[in-house]
Amino acid sequence: MATTARIGIGSPLSRVDGIAKVTGQARYAAEHKPKDMLYGFIVSGAIAKGRITGIDDRKARGVPGVVEIVTHENRPRTAWLDRSHQDQLGPPGSTFRPLYDDKILFSGQPVALVLADTFEAARHAATLVNVAYEAEAHNTDFDKAVAERYMPSKKRDNYIAPKKRGDPEKALAKAPLKVESQFHLAVEHHNPMEMHATTIEWMDDGSITVHDKTQGSQNTQAYLSSAFGISASKIRVLNPYIGGGFGSGLRPQYHVYLAMLAATMMERSVRVVMTRQQMFTHVHRPAAEQRVTLGAEMDGRLTAIVNEATTSTSRYEDNMENVVTWGLMNYACPNASGDYAVAAMDTATSGDMRAPGAATGMTLFEMAIDEMAEAARLDPLAFRLLNYSEDDAMNGTPFTSKALREAFAEGAEAFGWAERKAEPRQMREGRELVGWGVATGMWDALFSKTSAGAKLSANGDLEVSSAGSDIGTGTYTVMTQIATDTLGLSPERITARLGDSDLPTSPVEGGSWGAASTGAAVQMACQSIAAKLLKAAGKVDGKPLGSAGIDDVEFVDGHIVSKTNPAASVSFTDAMRAAGLNSIEAEETATGGISGMISQMRKSRNTHSAIFAEVKVDEELGVVRVTRIVCAVAAGRIINPKTARSQILGGVVMGIGMALHEETMMDTKLGRFMNHNLAEYHVPANADIDAIDVIFVDEPDPEVTPLGVKGLGEIGIVGTAGAVANAIWHATGKRVRSLPITIDKLQD
Amino acid sequence: MDTATLDTPADTYAITIGLTINGQQRRLPVEPWTTLLDLLREQEGLTGTKKGCDHGQCGACTVLIDGKRVNSCLTLAVSRDGADVRTVEGLAEGDRLHPLQQAFIDHDAFQCGYCTPGQLCSAVGLLAEGKAKSRDEVREMMSGNICRCGAYTNITDAVLEVLGEGSVK
């Protein structure tokens, strides 16, 4: 029989949701319009701390088309207990409840929701809601908050305390080379292109369909069920398309709560969409301060690391990140310690943004490493190789795999690193100084318990499904490829479904565990289908496959084929017909298994990367251009080199933003972010991005996760800004220790 | 199509305008404060055109008005009476994708897909302008369309392929 080239794991299959996305057919949360839907427009509070003393909404209610104005004074009741408002990912503390009472916790806090027949009426009326406040003294100055840094008594679930080894203070006192630097990272906002939005469809039978911009349909479902005291069976959350997340959709944001509040109050369908300005009133990457002290022998061998950091959080929740552990894990050094704490301000709670903790802590640490390389008069790449650790140096455990050495070698080769001049300010092109820098990236290779379903129809079409999300990561495509690989069906015959809380259980999409976890579950579900098919094939007259077991056959082009005798085969359709089956269904859960749990304890599992950056700096004007990036990644098995490369490109671009552009500036007097729009908060535009070369180094790792996949969503950003900062030093001779490196800092 | 009657019911402040949207002639009552973007998305159900900022800062709402790329969020619908509007839904001919749409898929020039309709319309406008010849010019002239997923290098590759100058540096 004819066999076509197998498009499975490892093929650069184009996105299976591509046509829907290029034709405008993919529908996002705000693009559903149920009958009699009301438009909700959020009124944002004007002060950072205090209380509401009165709301005059008479003028607003007079606007034609306005139906209701929801405030803390007239809202319907929700769950009483604080813990009923917790979501799966909420950090310790007391979750913010929108329109709960008169207290103001942060500037921009929603204080009212206007409901109207048209968007324009709601928007206009929102400007007429008059809110009176009694302000209290606030602090939104991070430097002041740091003075009162503290370690929360209750830690966030995924927090890892830094482990001390040796005696770093003593080693520092004796070290012939010492570098001590303090770094700073500005607050950043995720700014996905789609603004947070919810459309609630109020059904006649009292059930509710929620189209939400979230990275986890089941997290939103559980949260709404708990907070509103409505059975989860009555709430279906859909998010088949998400216009970018980057972490901003991990926790349910206040728009979904407001929409639900209004829908239950009015018993009507409601849509609430944040404005771009309001996108700056919730989750953000925390501001960070990091002090790195390094000691080394004259030959550059590290003898001491002291890594201390503080990140910002709100007054009502303790958001914690793993900031200081990365440097301790990555470098061989006998004496090392870390210290981490949070600093509370009168803002919304900070939260996870692409590679939380690592994008901050590894990047800033890599800038300190560069300074020590300079002090030791070593090439920064040679310095990193000299202090290379084969094992996880903090935990003393081996890695399941660590091909960072190969990443350095292949990245350096592609970049042409050998041509680098050792001293700064030695390379020039016209009026521009040229600089080359390098940094290391590191992230966790995570796996999360996930279920998937598979259904094979009599006509040979297969559907695979899971409640997870594709936030642009390519999960639909990866699921299709794994199903193709396992059952030998062409991708056109396969439909992948995601983004529906009714589908098999899945965690939120985040932490780069999606491909490894959903992929493993899909593979198991398809393997289960394969076993059932083989059993059905036994019913075919004459038993063409004899007594072949699952290891004796292959699944090719809709047929079960004997490995030893390719002439012996049974089509899926014949097998199902013989067994009298209209369809075959399976649902499986990937857990990593007991061996996975044991391995989890004994071995560290991480992705690594080597980033090389070239910058050109206008000597007179201080304008920096990143002209070239080579990012060499060691991330285990690559399921789809095309979408995988895009993940890294995206991380690198956000890293360039972190290095040069992205900064949410606080007006500490008003307690409010000032540049709350896309003109003043600059995310990289096309002209900011030049050549980016992505390399995946060979890193077979059957142990890390069932498919050998490590995940790619975050690793691209980690360290990138460090490589750019180090290149800027190489170009200019100037160490700027505060990101982003804007022109003013270079002109000082 | 009968253009003498209104396609959606009028209300108090509405002014009737005529628009050709993706080749279809429409007579539409619009309130003077309604943007072309909201008209397309809310009144016409053409949600392919995206709202990313509502302030002309991100380009997600880019459509083609009389062949030129325009931010539809900064365009009051009443001011475009008689215009020819083309949105992402009108780029393909039946099942045959526009070459840019195909190039975007081939080059993986998007991830979440939310900026994609604006990028595509902007690229169609760019090609029609005939100014961009080099890679750097495409980068510069496509900079009104933000892609937070960071697909820029792939977007540029896709545009260059259709521009027929894929080898230009």
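Rules of the game
Residues numbered from 1 in each chain as written. Chains lettered and ligands numbered in written order. Predicted model: local features only at pLDDT ≥ 70, side-chain atom pairs only at ≥ 80, totals over all residues. Heavy atoms only, no water. Contact = heavy atoms within 4.5 Å. Buried area = accessible area lost by both parts, 1.4 Å probe. Salt bridge = Lys/Arg side-chain N within 4 Å of Asp/Glu carboxyl O. Polar contact = N/O pair within 3.5 Å; in protein donor to acceptor, adjacent residues only side chain to side chain. Helix = DSSP H or I, 4+ residues; strand = E, 2+ residues; numbered from the N terminus. Nonpolar A, V, L, I, M, F, W, Y, C, P; charged D, E, K, R; others polar. Buried < 20%, exposed > 50% of the residue type's maximum accessible area, 1.4 Å probe, protein only. Pairing = 2+ DSSP bridges. Right-handed = clockwise from strand over helix to strand, strands pointing away. Phe/Tyr/Trp six-rings, centres within 6.5 Å; stacked < 30°, edge-to-face > 60°. Axes fitted to C-alpha atoms, helices over the stretch in contact; angles between N-to-C directions. Domains from an automatic or database assignment.

*Asks:* Got a minute to help me understand the interface of chain A and chain B in this structure?
*Replies:* Often, the extent of an interface is quoted as the loss of accessible area upon association of its parts. Facing 59 residues of chain A, the contacting portion of chain B comprises 46 residues. For the pair chain A and chain B, the summed buried surface comes to about 4,400 Å²; carbon and sulfur atoms form 52% of the total. Looking at the side of chain A facing chain B, the largest losses of area belong to A:Val22, A:Met193 and A:Asn686, adding up to 18% of the total buried there. At the surface where chain A touches chain B, the tally comes to 7 salt bridges. Linking B:Lys50 and A:Glu31 is a salt bridge whose minimum nitrogen-to-oxygen distance equals 2.9 Å. The tally of links from chain A across to chain B stands at 30 residue pairs in polar contact (both at pLDDT 80 or more). Of the residues forming the side of chain A that touches chain B, the biggest block, 9 residues, is contributed by helix H16 (residues 641-660) of chain A. Taken together, the residues that form the side of chain A that touches chain B break down as 26 nonpolar, 18 polar and 15 charged.

*Asks:* What exactly am I supposed to notice about the pairing of strand S13 (residues 302-314) of chain A here?
*Replies:* On a regular strand, each side chain points to the face opposite its neighbour's, so the side chains alternate between the two faces of the sheet. Residues and elements named next belong to chain A. The element S13 is extensively covered by neighbouring structure, given that 12 of its 13 residues are classed as buried. As defined by bridge partners, strand S12 (residues 288-296) adjoins S13 across 9 bridges and the pair is classed as antiparallel. Across the sheet, residue Ala-296 finds its bridge partner in S13, namely Leu-302. The hairpin turn running from S12 into S13, its antiparallel successor, is 5 residues long, and Gly-300 in that turn takes a positive phi close to 100°. With 11 bridges joining them, S13 and strand S14 (residues 335-345) adopt parallel strand pairing. Pairing of Thr-311 across the sheet is with Val-342, part of S14. Taken together, S13, helix H8 (residues 325-330) and S14 form a β-α-β motif whose crossover is right-handed.

*Asks:* Help me understand the pattern of salt bridges, please; the structure alone is not making it clear to me.
*Replies:* Opposite charge on two side chains allows them to pair when their charged atoms are near. Inspection of every chain in the model, using the stated rule, returns 57 salt bridges over all chains. In this structure, B:Arg148 engages A:Glu662 in a salt bridge whose closest nitrogen and oxygen atoms are separated by 2.7 Å. Placement of B:Arg148 in the loop between helix H4 (135-141) and helix H5 (152-163) and of A:Glu662 in the loop between H16 and strand S26 (666-667) is noted, with the two residues assigned to different chains. Here B:Arg148 matches A:Glu662 in class, with each residue buried. In this structure, B:Asp157 and B:Arg135 form a salt bridge, with 2.8 Å as the shortest nitrogen-oxygen distance. Remark: B:Arg135 occurs in helix H4 and B:Asp157 occurs in helix H5; sequence separation between them is 22 residues. The class of B:Arg135 is buried, set by a relative accessible area of 15%. Among the ionic contacts, a cluster of salt bridges with common partners joins A:Arg236, A:Glu463, A:Arg497, A:Asp500 and A:Asp502.

*Asks:* Looking at this structure, how should I read the packing of aromatic side chains?
*Replies:* The description of an aromatic ring pair uses the distance of the two centres, along with the angle that the planes make with each other. By the definition in use, this model includes 19 aromatic pairs over all chains. An angle of 55° between the planes, with centres 5.5 Å apart, marks the rings of B:Tyr13 and B:Trp33 as tilted. Within this pair, whereas B:Tyr13 is found in the segment before strand S1 (15-21), its partner B:Trp33 is found in the loop between strand S2 (24-30) and helix H1 (36-43), the two being separated by 20 residues in sequence. Overall, B:Trp33 belongs to the partly exposed group, its relative accessible area being 39%. Connected via pairs of aromatic rings, a cluster forms that spans A:Tyr28, A:Tyr241, A:Tyr476 and B:Tyr114.

*Asks:* Can you walk me through the sheet that holds S1(B) in this structure?
*Replies:* Consider a sheet: its strands pair through backbone hydrogen bonds, and that pairing is either parallel or antiparallel. All names here are of chain B. Taken in spatial order, the 5 strands of this open sheet run S2-S1-S5-S3-S4, and their pairing is mixed. Both outer strands of the open sheet, S2 and strand S4 (68-71), are each paired with one neighbouring strand and no more. Each strand axis lies, on average, 40° off the axis of its neighbour in the sheet, ignoring direction. Two strands pair when backbone bridges link them, and strand S3 (residues 62-65) and strand S5 (residues 84-86) are joined in this way by 2 bridges, in the antiparallel orientation. Of the residues in S5, the one forming a bridge with Leu-64 is Arg-86. Packed on one face of the sheet, H1 meets S1, S2, S3 and S5 and runs near 105° to S2. Packing against the sheet, helix H3 (residues 116-129) makes contact with S3, S4 and S5, and its axis sits at approximately 40° to S3.

*Asks:* Can you walk me through the domain arrangement of chain A in this structure?
*Replies:* Residues and elements named next belong to chain A. Partitioning chain A into domains gives domain 1 (38-137 + 190-280), domain 2 (168-188 + 284-311 + 321-446 + 601-747) and domain 3 (449-591). Using C-alpha coordinates to define each centre, domain 1 is positioned 40 Å away from domain 3. Taken residue by residue, the interface counts 20 residues in domain 1 and 18 residues in domain 3. The contact between domain 1 and domain 3 buries some 1,300 Å² in all, and 44% of this surface belongs to carbon and sulfur atoms. Sorting the residues of domain 1 by area buried against domain 3 places Gln-215, Gln-218 and Arg-236 first, and these three jointly supply 41% of that buried surface. On inspection of domain 1 and its partner domain 3, the count reaches 2 salt bridges. For Asp-500, the salt bridge is made with Arg-236, and the minimal N-O distance between the two is 2.5 Å. Inspection of the region where domain 1 meets domain 3 yields 13 residue pairs in polar contact (both at pLDDT 80 or more). Where the side of domain 1 that touches domain 3 is concerned, the elements lending two or more residues are helix H6 (217-228) and strand S10 (235-238).

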